[in-house]
Amino acid sequence: MTTILDSGDTAWMLISTALVILMTIPGLALFYSGLIRKQNVLNTMFLSFITFAIVSVLWFVFGYDLVFNSDIMGIIGTIKNPFFNGVLESGSLATLAPTIPTGLFALFQMTFAAITVALISGAIVERMKFSAWLAFVPVWLLLVYVPVAHWMWGGGFLAQLGALDFAGGIVVHLTSGIAALALVLLLGVRKDMRLLPHNLGYSVIGAGLLWFGWFGFNAGSALSAGNLAVSAMIVTNISAAMGMLAWVLMDKLNTGKPTLLGALSGAIAGLASITPAAGYVNIPAAIIIGFVASIVSYYAVSKIKPWLGYDDALDVFGIHGVCGILGSLAVGIFALPAINSALTQGGLITGNLNLIGVQLLAVIVVMVYAFGMTLIIGKVLDKTLGLRVEAEDEVQGLDVNLHEESGYRLS
Amino acid sequence: MTTILDSGDTAWMLISTALVILMTIPGLALFYSGLIRKQNVLNTMFLSFITFAIVSVLWFVFGYDLVFNSDIMGIIGTIKNPFFNGVLESGSLATLAPTIPTGLFALFQMTFAAITVALISGAIVERMKFSAWLAFVPVWLLLVYVPVAHWMWGGGFLAQLGALDFAGGIVVHLTSGIAALALVLLLGVRKDMRLLPHNLGYSVIGAGLLWFGWFGFNAGSALSAGNLAVSAMIVTNISAAMGMLAWVLMDKLNTGKPTLLGALSGAIAGLASITPAAGYVNIPAAIIIGFVASIVSYYAVSKIKPWLGYDDALDVFGIHGVCGILGSLAVGIFALPAINSALTQGGLITGNLNLIGVQLLAVIVVMVYAFGMTLIIGKVLDKTLGLRVEAEDEVQGLDVNLHEESGYRLS
Amino acid sequence: MTTILDSGDTAWMLISTALVILMTIPGLALFYSGLIRKQNVLNTMFLSFITFAIVSVLWFVFGYDLVFNSDIMGIIGTIKNPFFNGVLESGSLATLAPTIPTGLFALFQMTFAAITVALISGAIVERMKFSAWLAFVPVWLLLVYVPVAHWMWGGGFLAQLGALDFAGGIVVHLTSGIAALALVLLLGVRKDMRLLPHNLGYSVIGAGLLWFGWFGFNAGSALSAGNLAVSAMIVTNISAAMGMLAWVLMDKLNTGKPTLLGALSGAIAGLASITPAAGYVNIPAAIIIGFVASIVSYYAVSKIKPWLGYDDALDVFGIHGVCGILGSLAVGIFALPAINSALTQGGLITGNLNLIGVQLLAVIVVMVYAFGMTLIIGKVLDKTLGLRVEAEDEVQGLDVNLHEESGYRLS
Amino acid sequence: MKKIIAIIRPDRFEVVKAALEKSGVNGMTVQDVKGRGRQLGITESYRGTDYTVDLLPKVRLEIVINTNDLEKVITVISENARTGDIGDGKIFISPVEEVIRIRTGEKGNEAI
Amino acid sequence: MKKIIAIIRPDRFEVVKAALEKSGVNGMTVQDVKGRGRQLGITESYRGTDYTVDLLPKVRLEIVINTNDLEKVITVISENARTGDIGDGKIFISPVEEVIRIRTGEKGNEAI
Amino acid sequence: MKKIIAIIRPDRFEVVKAALEKSGVNGMTVQDVKGRGRQLGITESYRGTDYTVDLLPKVRLEIVINTNDLEKVITVISENARTGDIGDGKIFISPVEEVIRIRTGEKGNEAI
Ligand SMILES: Nc1ncnc2c1ncn2[C@@H]1O[C@H](COP(=O)(O)OP(=O)(O)O)[C@@H](O)[C@H]1O
Ligand SMILES: Nc1ncnc2c1ncn2[C@@H]1O[C@H](COP(=O)(O)OP(=O)(O)O)[C@@H](O)[C@H]1O
Ligand SMILES: Nc1ncnc2c1ncn2[C@@H]1O[C@H](COP(=O)(O)OP(=O)(O)O)[C@@H](O)[C@H]1O
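Residues numbered from 1 in each chain as written. Chains lettered and ligands numbered in written order. Predicted model: local features only at pLDDT ≥ 70, side-chain atom pairs only at ≥ 80, totals over all residues. Heavy atoms only, no water.

**Comments concerning the overall build of chain A**
For step 1, the next point in the chain: Along its length, chain A carries 15 helices and 0 strands.
For step 2, the next point in the chain: On C-alpha atoms alone, chain A measures out to a radius of gyration of 20 Å, which is about the 22 Å that the 2.2 N^0.38 rule sets for 411 residues.
For step 3, the next point in the chain: With the C-alpha coordinates aligned to their principal axes, the bounding extent of chain A is approximately 65 × 50 × 40 Å.
For step 4, the next point in the chain: For chain A, the residues scored as buried account for 71% of the 411 residues in total.
For step 5, the next point in the chain: In chain A, the share of contacts with a sequence separation of at least 24, taken over all contacts with a separation of at least 6, comes to 77%.
For step 6, the next point in the chain: A total accessible area of about 10,700 Å² is found for chain A, and carbon and sulfur atoms account for 67% of it.
For step 7, the next point in the chain: Taking the 16 positively charged and 20 negatively charged side chains of chain A as two groups, their mean positions are separated by 11 Å. (Helix = DSSP H or I, 4+ residues; strand = E, 2+ residues; numbered from the N terminus. Rg over C-alpha atoms; globule rule 2.2 N^0.38 Å. Buried < 20%, exposed > 50% of the residue type's maximum accessible area, 1.4 Å probe, protein only. Contact = heavy atoms within 4.5 Å. Areas by Shrake-Rupley, 256 points an atom, 1.4 Å probe, with all protein chains shown as cover. Lys, Arg positive; Asp, Glu negative; His and termini not counted. Charge placed at Lys NZ, Arg CZ, Asp CG, Glu CD.)

**Details of the interface of chain C and chain A**
Interface size, as often reported, equals the accessible area lost upon joining of the parts.
For step 1, the next point in the chain: Taken together, the 55 residues of chain C in the interface contact 52 residues of chain A.
For step 2, the next point in the chain: With both sides pooled, the region where chain C packs onto chain A buries about 4,300 Å², and carbon together with sulfur makes up 77% of that total.
For step 3, the next point in the chain: The interface formed by chain C and chain A holds 1 salt bridge in total.
For step 4, the next point in the chain: Residues Lys257 of chain C and Glu404 of chain A are paired through a salt bridge, measuring 3.8 Å at the closest nitrogen-oxygen approach.
For step 5, the next point in the chain: Counting across the interface, chain C meets chain A through 11 residue pairs in polar contact (both at pLDDT 80 or more).
For step 6, the next point in the chain: Those elements that place two or more of their residues in the side of chain C that touches chain A are α1 (7-33), α8 (200-218), α9 (227-254), α10 (260-274) and α11 (283-308) of chain C.
For step 7, the next point in the chain: Per-element tally for the side of chain C that touches chain A: the top contributor is α9 of chain C, with 14 residues.
For step 8, the next point in the chain: In the side of chain C that touches chain A, the residues fall into 39 nonpolar, 12 polar and 4 charged. (Buried area = accessible area lost by both parts, 1.4 Å probe. Salt bridge = Lys/Arg side-chain N within 4 Å of Asp/Glu carboxyl O. Polar contact = N/O pair within 3.5 Å; in protein donor to acceptor, adjacent residues only side chain to side chain. Nonpolar A, V, L, I, M, F, W, Y, C, P; charged D, E, K, R; others polar.)

**Considering the interface of chain E and chain D**
For step 1, the next point in the chain: In this complex, chain E contributes 34 residues to the contact, which on the side of chain D involves 28 residues.
For step 2, the next point in the chain: Summed over both partners, the interface of chain E with chain D buries about 2,400 Å², with 51% contributed by carbon and sulfur atoms.
For step 3, the next point in the chain: Linking chain E with chain D are 4 salt bridges.
For step 4, the next point in the chain: Notably, a salt bridge pairs Arg36 of chain E with Glu21 of chain D, separated by 3.2 Å at the nearest N-O pair.
For step 5, the next point in the chain: Linking chain E to chain D there are 13 residue pairs in polar contact (both at pLDDT 80 or more).
For step 6, the next point in the chain: Within the residue set of the side of chain E that touches chain D, elements represented by two or more residues are β1 (2-8), β2 (28-36), α2 (70-81) and β6 (90-95) of chain E.
For step 7, the next point in the chain: Residues of the side of chain E that touches chain D, tallied by class, amount to 13 nonpolar, 8 polar and 13 charged.
For step 8, the next point in the chain: Of the strand pairs in this sheet, strand β2 (residues 28-36) of chain D and β2 of chain E are connected by 3 bridges, and their pairing is antiparallel. Directly across from Val30 of chain D, in β2 of chain E, lies its bridge partner Lys34 of chain E. (Pairing = 2+ DSSP bridges.)

**Quick word on the relation of the copies chain E and chain D**
For step 1, the next point in the chain: Mapping chain E onto chain D calls for a rotation angle of 120° and an axial translation of 0.0 Å; the resulting RMSD is 0.0 Å. Both chain copies can therefore be described as sitting about a three-fold axis. No C-alpha of chain E lies nearer the rotation axis than that of Pro95 of chain E, which sits 4.4 Å from it.
For step 2, the next point in the chain: Mapped onto chain D, only 12% of the interface residues of chain E again fall at the interface, so the copies present different surfaces. (Least-squares fit on C-alpha atoms with pLDDT ≥ 70 in both.)

**Observations concerning the site of ligand 2**
For step 1, the next point in the chain: Around ligand 2, 22 residues are found, and the nearest of them are Thr29, Arg101 and Arg103 of chain D together with Arg38 and Gly87 of chain E.
For step 2, the next point in the chain: What surrounds ligand 2 is not a single chain but chains D and E.
For step 3, the next point in the chain: Within the backbone of Met28 of chain D, one N or O atom sits 3.5 Å away from an oxygen atom of ligand 2.
For step 4, the next point in the chain: The backbone of Gly89 of chain E places a nitrogen or oxygen atom 3.3 Å from an oxygen atom of ligand 2.
For step 5, the next point in the chain: With the chains in place, 99% of the 550 Å² that ligand 2 exposes on its own is no longer accessible.
For step 6, the next point in the chain: Taken together, the elements giving at least two residues each to the shell around ligand 2 come down to β2 and β5 (56-65) of chain D together with β2 and β6 of chain E.
For step 7, the next point in the chain: Counting residues per element, the shell around ligand 2 draws most heavily on β5 of chain D, which supplies 3 residues. (Near = heavy atom within 4 Å.)

**Observations concerning the relation of the copies chain C and chain A**
For step 1, the next point in the chain: Its rotation angle being 120°, the transformation that places chain C on chain A also includes 0.0 Å of axial translation and leaves an RMSD of 0.0 Å.
For step 2, the next point in the chain: When the interface residues of chain C are mapped onto chain A, a mere 16% of them again fall at the interface, so the copies present different faces.

**A closer look at the site of ligand 3**
For step 1, the next point in the chain: Close to ligand 3 lie 22 residues; Arg101 and Arg103 of chain E together with Arg38, Gly87 and Lys90 of chain F are nearest.
For step 2, the next point in the chain: Surrounding ligand 3 is a set of residues that belongs to chains E and F.
For step 3, the next point in the chain: Arg101 of chain E is positioned such that a nitrogen or oxygen atom in its side chain is 2.6 Å from an oxygen atom of ligand 3.
For step 4, the next point in the chain: A distance of 2.6 Å is found between an oxygen atom of ligand 3 and a backbone nitrogen or oxygen belonging to Arg38 of chain F.
For step 5, the next point in the chain: Taking 550 Å² as the accessible area of ligand 3 by itself, protein coverage stands at 99%.

**Brief notes about the packing of helix α5 (residues 130-153) of chain A against helix α13 (residues 354-384) of chain A**
Relative placement of two packed helices is described by the angle separating their axes and the distance separating the axes.
All names here are of chain A.
For step 1, the next point in the chain: Where α5 contacts α13, the two axes come as close as 10 Å, and the packing angle between them is 160°. Accordingly, the angle class assigned to the pair α5 and α13 is roughly antiparallel. In this structure, the crossing between α5 and α13 has a hand that is right-handed. Seen from α5, the contacting residues are Ala132, Ala135, Phe136, Val139, Trp140, Leu143, Val144, Pro147, Val148, Trp151 and Met152; seen from α13, they are Ala362, Val365, Val366, Tyr369, Ala370, Met373, Thr374, Ile377 and Leu381.
For step 2, the next point in the chain: Looking at the contact of α5 with α13, its residues break down into 19 nonpolar, 1 polar and no charged. (Axes fitted to C-alpha atoms, helices over the stretch in contact; angles between N-to-C directions. Parallel < 35°, antiparallel > 145°, perpendicular 65-115°, else oblique. Left-handed = near helix turned anticlockwise from the far one by under 90°.)

**Remarks on the packing of helix α2 (residues 41-68) of chain A against α5 of chain A**
Residues and elements named next belong to chain A.
For step 1, the next point in the chain: The interhelical angle for the contact between α2 and α5, taken along N-to-C directions, is 40°, at an axis separation of 9 Å. Taken together, the axis directions place α2 and α5 in an arrangement best described as oblique. Taken as a pair, α2 and α5 cross one another with a handedness that is right-handed.
For step 2, the next point in the chain: Residues that form the contact of α2 with α5 fall into these classes: 22 nonpolar, 4 polar and no charged.

**Thoughts on the pairing of strand β6 (residues 90-95) of chain D**
For step 1, the next point in the chain: Taking burial as the measure, the 6 residues of β6 of chain D include 6 buried ones, the bulk of the element.
For step 2, the next point in the chain: Here strand β1 (residues 2-8) of chain D pairs with β6 of chain D via 6 bridges, running antiparallel. The residue of β6 of chain D that forms the bridge with Lys2 of chain D is Pro95 of chain D.
For step 3, the next point in the chain: Looking at chain direction, β6 of chain D and strand β7 (residues 98-101) of chain F are connected through 4 bridges and run antiparallel. In the strand pairing of β7 of chain F, Lys90 of chain D is matched with Arg101 of chain F.

**Digging into the pattern of salt bridges**
For step 1, the next point in the chain: If you walk through the whole model with that rule in mind, you get 57 salt bridges over all chains.
For step 2, the next point in the chain: In this structure, Lys305 of chain A and Asp315 of chain A form a salt bridge, with 2.9 Å as the shortest nitrogen-oxygen distance. Note that Lys305 of chain A is positioned in helix α11 (residues 283-308) and Asp315 of chain A in the loop between α11 and α12 (316-334), a separation of 10 residues in sequence. Note on accessibility: Lys305 of chain A and Asp315 of chain A belong to one class, buried.
For step 3, the next point in the chain: The partner of Glu62 of chain E in a salt bridge is Arg60 of chain F, and the shortest N-O contact between them spans 2.7 Å. Here Glu62 of chain E is found in strand β5 (residues 56-65), whereas its partner Arg60 of chain F is found in strand β5 (residues 56-65) on a different chain.
For step 4, the next point in the chain: A relative accessible area of 0% places Arg60 of chain F in the buried class.
For step 5, the next point in the chain: Through salt bridges with shared partners, one network takes in Lys3, Arg60 and Glu62 of chain D, Lys3, Arg60 and Glu62 of chain E together with Lys3, Arg60 and Glu62 of chain F.

Geometry only, nothing functional implied.
Below you can see the structure in the form of structure tokens.
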């Protein structure tokens, strides 16, 4: 079958790519920065922006090839075109998305790498050295994101076993959540761990842009503008909505008042948990996924975290990590070949036990790998550059001390 | 004629859908929340977000079917697929938009239902109980939005009479504006009715996102990526621009200084008024519509409202209601079959008196119905849950009292 | 060859158009307004919004025709369809983009005109009369933008000579940068020239939206959803990223600390400089362009401007003007026919000396023309309306004095 | 001349201001402050965790007046700021030795 | 030792600060306040309705000085804050009994 | 009765507040101010240009107490606000003639 470029699919993937970029800059930057102390607002935003810039460049130097180019023993790809030489010029179509150009597929994939690393920053805000973060980004990209993405999406061993991850429950949310956990264990707790948002309006804008961009993320992962994209978009939205409603309900039951931050957090939980499943499940499944994931996240964040005592500032593990795991297992339960014809097997509800086993395996393998490797990277950085800012910088705030800027000059 | 999915149309409708979602969250949330007191900023945002979540779910439970499935006597549709069972799986194409999937058409329509309800919240901010709003949303959706949408868009009796509403002048702006009016009559005036925006920057961001999203709203209502979408987009933009310029002129003539909030308000007036006409009129007509609607809104808001004394906090009736009516009548004047080949008759300027009569009828019917039904709903809620917060909560602000959160921690 | 409307190309151009609109309102409005004193925040935003509205209307009155309709002696087009009469109705396809409607091409082009004028406002904020700006917009549009756009894009003499400008390095960034310089020379320096941003969060949101919208700007300039759009999008993103990294590096080397505003400024430099080249160059070239342009901008802004002493408040010349020039020359160096088959000749790296000569000529011609003509316009306005606000208004802030509004009511 | 510093509830401020205006006291300088005393803090709740905010928003009025207006002003403020619940606030009186009106250079009682 | 509280126009603040610095007065504590007095309010206008804002932004300087610097400082502030229009503000002088420099524990004039 | 005005570093505020609470002083009114004195300004840097910000954020505590608590409170504040670096701030003591608790109308020491 000869394939030709489809302008409709290409249009959809162009805008989907832009949407995912918007998620990181400024979406995530805003969502995170509204939640911390006003003295750290710029540093928090900066982490997302600089991460995006670094990954934007490195992806075309080594990232794309190592993930998607000819697999070596299920472990990693091969660098063939550093700087993407000749690919744009050739105008070739993507192997995995034969109706759009290779370059577009590569750029779309880049946006996932970028947001994955940026997500981690939410855990370490208000106390990590900027220089240490600058070093962390490329190393983690190479040693964690790239191999995991290859295993799941680039034809690596987990993909070969049949593990599924539609838009990044394992590759994006699980890896970032677990890495967040590993890093904060090394970094230690902040002097002031209270979550007292300084400007929830920023988080509202950020959450709105994340929700909007997530349509590019999930429906874009169909890689074409057809039924699958539509189906992914619908379940994404309904899971987000259910996540919001569930968290608001938890708020009401536990502390007595519905909160806006709770609503936003629940929506993010709903979005993160449907991510791996978006192209495989129908509406009733999405309703359950969003609802359950949000409730589990609620307890992870409000009960388990304080009990264990680690300082995951903005709950990257408690929301993204937890929802990445839940969503990935949900694929093993709810996947329906009727939704996605590429499925060779359905989940539990189709009477198939195999898929959930594979999903569980993939979750465990990636969890262990990402945790261990991030610990090693963090430890090395700590011994060399040092991970944590001076106590004085932390108390007075990072903006003025690390960047000589201040977030507000309103009086 | 066999129809097949068109990837270009699907791409356009996917992004249009996302754009309309962006209008509500965070567009409308921001636009509204910039205008009220800082003590209520989170509650105001919350109303838009929670409304969107509730409608997102209910639309697929009963909303879509009741509006668009097999008409019963011109009054209402039939529930056939609660939870959209089987529709995603079937991959069928939409009856009313035969080049895109049914699911996409349904999701696009959902975004209209959601923003219509959210629009109402602008009138009742700063004093309505959150619980009462939570109850209002599903009831109003079922008893007002769903029937009116069926009458105009789902093949109901007004559609059968030939009434036209391209993107929601009647279905969206008129119903929400009239409902706003009915609710505020029940709620009574706030202790402090002054319009002293606490953070116009939010409103600027909100207005920008509304304008942006409105292209999905109006040009998306063409349901395909062709000449009609282009035409709708051009007239939408020019009407918004004229609305802005007209209001700025009114400001200059009446109070002596052009104001930014005036500019934004005029733009919204221009956008709302062109909405029902966007797919039927040409550029000169759009210029007139935006200009006139903005001026009428200006007087409705600055003279009639104070004179009548009702407390429509953010002028949902004065802007959306008024512009919905004007735009719908303008269809009867300016509609041109040359712009939209689906038109069986043109407006007054084509020498046809019939259309404006039908439009007027539709406006009156919907106005009376929406007003009466909203009054009933509001009255019942008032007697059961109570509509209005405690005086103390109103004075001290809703954020801290209803949600135990505060919008800013800047000092 | 008969051409037919392509729904995929149309979908892409519809959304690209919306994206470029988002750049101006609210993107640029926010980016600029975060950087000035809080007393002028609304006036600064207002300049972008009102500019957009005015150009939106005038473009369809005379702008489009004068740029794109039948060339007269290489100088200017002809007004054939004021108010675009009949064009929407005809549903014709665009001559320069034969797979999309003429109306869409015209609207897309309108967005470029609007942002070009709005960009200038960044230089003159905090001291220019609002009335003078209202007069400046249409006059400058007619006398500077329209002819230059015709010369480069409408088949004028520079286009005939072979000068290239993919998405507006000369037409947009150079003209606005140079006009900014001319205007500030007439306006004089502010009483307080310090760049002490009052709310960098706004600038972060603005920069994020600009980056996002720039994909519509540059990749949309391919006028179709195919390989060229993809290639333009990739190089746009990587140049922005390199620009950011380069400025952060300069910050580190020169003042010791990386700054977020520096990162944003570098990204804008990267975006502006790749604009003229986006459809002609490959990734390695884009990396060089973004990197070099950002560094040159850094020095233009931090060393040359203070040394020369003009008061270009937000560095419209230092960033947009400088990068427009650099990017346009870079086309002469890096253009590759392999990237864009429409190229009849490559740049220096293909061994061709001709192109860079033509580019240099175009840059100089436009620079001289735009500077001279803007000086004349500004001088006339100064003698008639007066350009500068009262000293008292400047000191107390423009919002309260010119618009009777205030940006924040947070206490 | 005396300086009155009154710390009152934000939501009583407009009432107090109006009452002062009615009783002929126009000059005042106002600021938002935070205070604590006997009043318990308010609770805020984020992601399932309650935080007690023990500094509550108050409004601080600074009014310099002629000594013989003192009682009147105290009464006006007290009566209009009072709700009867804990947290109504305090009035502090302290001496002022001189007042100067910058515009005219007037001093003493005339400058108030 | 005396405490000077000066309520001045925000747009005169930089000038006053520079003048004080020139005359050797460096220590000061500054805050944004709102004030009313004889000056009429400003008008703001939203959606066609005018609102009078009668609390105007002012800057409040709090400066503790040696008694023998008092006249000098009053003069510097008065001259530099004056525009001659209503709303220039006030200077209030009150006694201070003790000053302590936290860093060193110094007291009295040395601590200023 | 005395009024203590303490200008301290923002990052020492929580410590000082806790220490005061421990020593039985609960009533206080707090505001964010900016100050200058011997401490050099901080540098901020925008687009390659350095600006010196010579007004630094400080926290101003206003505490009215019984005269016989004066020494204790001064000690608590001094010890807990001190870092030893320039910029630790000042404590000013001035007389208060009367205190009124708005809620109850109580006066004097009982009202504190
Ligand atoms: N000793 C004090 N010094 C300074 N301010 C005080 C003092 N006591 C109370 N305040 C101020 O008065 C406010 C109200 O005091 P509080 O003790 O809570 O209520 P009440 O005055 O009704 O007993 C406090 O929030 C604080 O701002
Ligand atoms: N009696 C007063 N007590 C406290 N502050 C005052 C008093 N009178 C005036 N002020 C402050 O001084 C400012 C200027 O006073 P105003 O009467 O408007 O002008 P002028 O001092 O030029 O007559 C006011 O805004 C207010 O902040
Ligand atoms: N004479 C003064 N009057 C009012 N406030 C002062 C005075 N001197 C210092 N301050 C306040 O105290 C703060 C610290 O003073 P500074 O001289 O910088 O340090 P230190 O007190 O350690 O010598 C200043 O920022 C200012 O707010």
